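A look at the structure
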Amino acid sequence: MAPFGVKGAVKIEPFGDDRDSLCRHPAWWVGKPGNLSRIEVVECRAHDAHLVARFEGCVDRDQAGRYRGLEVVLRREDLPRAAAHEFYQADLVGLEVVNAKGERLGQVTGFLPTGASEVMRVAHEGGERLLPVAGEVIRKVDLDAGTIEVDWGADW
């Protein structure tokens, strides 16, 4: 997000349910999609709804400013295994969405945070559908088949 203080710290906006989990990793990948660099994290702590981190070699506000607007990501192998019946959103992008009648509703293109719950973006021939990510809507995820079955009408 922005520099924090004068000693090279950076304010981070975390995504996900466990914002502190990022601090448990000694190195992050930082940059823009397709151009990420591994950076050692020498300090990380929670600050209100955000994180404050300091990277190796980043010792002043000017250096911290170079990180403004960049993304922080972890490698897939650094993430914990998903529990049974839980999935990483990245694993769902690209899957076909069908309803119980077998009607194809489209393909998952991403997710939107809405505060109360996440919304799944589903592209189809006529545009885009927004489906709530909720147990009563998502009935079954089959990664092997590449499908998500939902309780949702094709004309909704």
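Each remark here, short or long, concerns the structure printed above.
Here is a short report on the structure shown in this document. The structure presented is a predicted model; accordingly, all values stated were derived computationally and were not measured.

1. With respect to unusual backbone geometry
Although it is not a glycine, Asp48 adopts a positive phi angle of roughly 55°. Position of Asp48 relative to the elements: it lies in the loop between strand S4 (35-47) and strand S5 (50-55). Residue His85 is not a glycine yet carries a positive backbone phi of 65°. You can call His85 exposed: its relative accessible area is 77%.

2. Some thoughts on the packing of aromatic side chains
Inspection of the entire model under this criterion finds three aromatic pairs. Look at Trp28 and Phe55: their rings are 5.7 Å apart centre to centre, the planes differ by 80°, and that puts the pair in the edge-to-face class. A residue pair is termed long-range when its members are at least 10 positions apart, and Trp28 in strand S3 (residues 27-32) and Phe55 in strand S5 qualify at 27 residues. The burial state of Trp28 is the same as that of Phe55; both residues are buried. A centroid spacing of 5.3 Å and a plane angle of 65° characterise the contact between Trp152 and Trp156, whose relative ring orientation is edge-to-face. Judged by relative accessible area, Trp152 falls into the buried class, the value being 19%. Its relative accessible area of 59% is what places Trp156 among the exposed residues.

3. Side note on the sheet that holds S3
An order of S1-S2-S5-S4-S3-S6 is seen for the six strands of this open sheet, with the pairing classed as antiparallel. Of all strands in the sheet, those with a lone pairing partner are strand S1 (2-4) and strand S6 (71-73), marking the two edges. Taking the axes of each pair of neighbouring strands and ignoring which way they run, one obtains an average angle of 50° across the sheet. Relative to S5, S4 runs antiparallel, the two being bridged by six bridges. Its bridge partner being in S5, Arg45 is matched across the sheet by Val52.

4. Some remarks on the state of the cysteines
Under the counting rule described, the total for this entry stands at one disulfide. We note that Cys58 lacks a disulfide partner, and the nearest cysteine sulfur, in Cys44, lies 14 Å from it. For Cys58, a relative accessible area of 2% puts it in the buried group.

Conventions used here
- Residues numbered from 1 in each chain as written.
- Predicted model: local features only at pLDDT ≥ 70, side-chain atom pairs only at ≥ 80, totals over all residues.
- Heavy atoms only, no water.
- Helix = DSSP H or I, 4+ residues; strand = E, 2+ residues; numbered from the N terminus.
- Buried < 20%, exposed > 50% of the residue type's maximum accessible area, 1.4 Å probe, protein only.
- Phe/Tyr/Trp six-rings, centres within 6.5 Å; stacked < 30°, edge-to-face > 60°.
- Pairing = 2+ DSSP bridges.
- Axes fitted to C-alpha atoms, helices over the stretch in contact; angles between N-to-C directions.
- Disulfide = S-S within 2.5 Å.

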